[in-house]
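Chain by chain, the residues run as shown.
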Amino acid sequence: MTFAIPQIIDLVKNTGIHHQWKMMTSATPPEQRAHSGIAGGQGVNDARGQQYSCVVYEDGRQVPRVNLTFNRDLTYTVVINQFGEYQGFVDAVTTVSGVSIPVEWRTWPNRADRIRLRGADAVRFVQEIDGRSADEFRLALRDDPDLSSTYDVSNLLTALTSNAMTCFDD
């Protein structure tokens, strides 16, 4: 099965460092906006493969995303999302301060070394980190236990605020 994913080229500008988080903004060139509808966005990432971003569409809508990167492809089940797109469902348990958070991590069938939370799941996840004043979270991958890990999210909320990333707000 082959998947066609449009290439979107962003002009990325690093805007600073906040503790372990690198901050950036991006703008999509006008010729790509017509195809994708994406105007740009903001993001923060760390050296361990965590990325938190607010994708901004031309209509002003912002979509929050949380991405995690791994050193190999993960095991997943192919599902079709509400937009008719193929995605991979990753069987994972996410805990913040020892409490399981009901979020669904997804991957792309052509890029299975990354997983993501999008929209309401991304907001719920970041709000749980905030509400529990957590400095870390645990991701247990049931099908790939060797890749299960604890992630440092200390200073994440102040990095999001410093980079004007309001898409994670309630």
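To keep things clear, this report deals only with the structure shown in the data block. Small disclaimer: the values here were computed from a predicted structure and weren't measured. (Residues numbered from 1 in each chain as written. Predicted model: local features only at pLDDT ≥ 70, side-chain atom pairs only at ≥ 80, totals over all residues. Heavy atoms only, no water.)

**What to know about the overall build of the protein**
This is how the line gets drawn: Runs of H or I in DSSP of at least four residues are treated as helices and runs of E of at least two as strands, each being numbered from the N terminus. Working rule for contacts: check all heavy atoms of both residues, and any pair within 4.5 Å makes them a contact. Here, Shrake-Rupley sampling with a 1.4 Å probe gives the accessible areas, and only protein chains in the shown set may cover a residue.
Of regular secondary structure, the protein possesses three helices and 13 strands. On the principal axes, the C-alpha backbone points of the protein span a range of 45 × 40 × 30 Å. A fraction of 51% describes how many contacts in the protein between residues 6 or more apart in sequence connect residues 24 or more apart. Carbon and sulfur atoms provide 49% of the accessible area of the protein, an area that totals close to 9100 Å².

**Considerations on the packing of aromatic side chains**
Our working definition: For Phe, Tyr and Trp, where Trp contributes only its six-membered ring, two rings pair if their centres lie within 6.5 Å, and the inter-plane angle classes them as stacked under 30 degrees, edge-to-face over 60, or tilted in between. The classification of residues rests on relative accessible area computed with a 1.4 Å probe and restricted to protein chains. Under 20% of the type maximum is buried, over 50% is exposed, and intermediate values are partly exposed.
One pass over the structure, following the stated rule, counts five aromatic pairs. For the ring pair F125 and F137, a centre distance of 4.8 Å and an interplane angle of 85 degrees mean the geometry is edge-to-face. Placement of F125 in helix α2 (residues 120–131) and of F137 in strand β12 (residues 136–141) is noted, with a sequence separation of 12 residues between them. The residues F125 and F137 share a single accessibility class, namely buried. One aromatic cluster in this structure is built from W105, F125, F137 and Y151.

**So, the pattern of salt bridges**
What counts is decided by this rule: Any Lys or Arg side-chain nitrogen located within 4 Å of an Asp or Glu carboxyl oxygen qualifies as a salt bridge.
Under the definition given, this model contains eight salt bridges. A salt bridge links D91 to R142; the shortest N-O distance between them is 3.0 Å. Highlighted residues: D91 in the loop between β7 (86–90) and β8 (92–96) and R142 in the loop between β12 and β13 (149–152), separated in sequence by 51 residues. The salt bridge partner of D113 is R111, with a shortest N-O separation of 2.7 Å.

**Some remarks on the environment of G88**
Topologically, G88 is positioned in strand β7. G88 sits in the buried class, given a relative accessible area of 0%. Linking G88 and R118, residues 30 residues apart in sequence, is a C-alpha distance of 13 Å. For G88, the residues in contact, after removing those within four places along its chain, are Y76, T77, V78, W105, R106, T107 and P109.

**Let's talk about the sheet that holds strand β9 (residues 99–101)**
Rule in force here: Think of it this way: DSSP has to see at least two bridges between two strands before they count as a pair. Here an angle of 0 to 180 degrees is reported between the N-to-C directions of two axes, which are lines fitted to C-alpha atoms, with helices fitted over the stretch in contact.
Ordered in space as β9-β8-β12-β13, the four strands form an open sheet in which the pairing is antiparallel. Each edge of the open sheet is held by one strand with a lone partner, namely β9 and β13. Neighbour-to-neighbour, the strand axes of the sheet open up by a mean angle of 30 degrees, direction not taken into account. Across the sheet, α2 is in contact with β8, β9 and β12; its angle to β8 comes to roughly 30 degrees.

**Focus: α2**
Worth spelling out the cut-off: An expected span of 1.5 Å times one less than the residue number is assigned to each helix.
With 12 residues, α2 should cover 16 Å at 1.5 Å per step; its first-to-last C-alpha distance of 16 Å lies within 8% of that length. Those residues of α2 not exposed but buried are D121, A122, V123, F125, V126 and I129. On its buried side, α2 packs onto β4 (50–57), β5 (62–69), β8, β11 (111–118), β12 and α3 (156–162).

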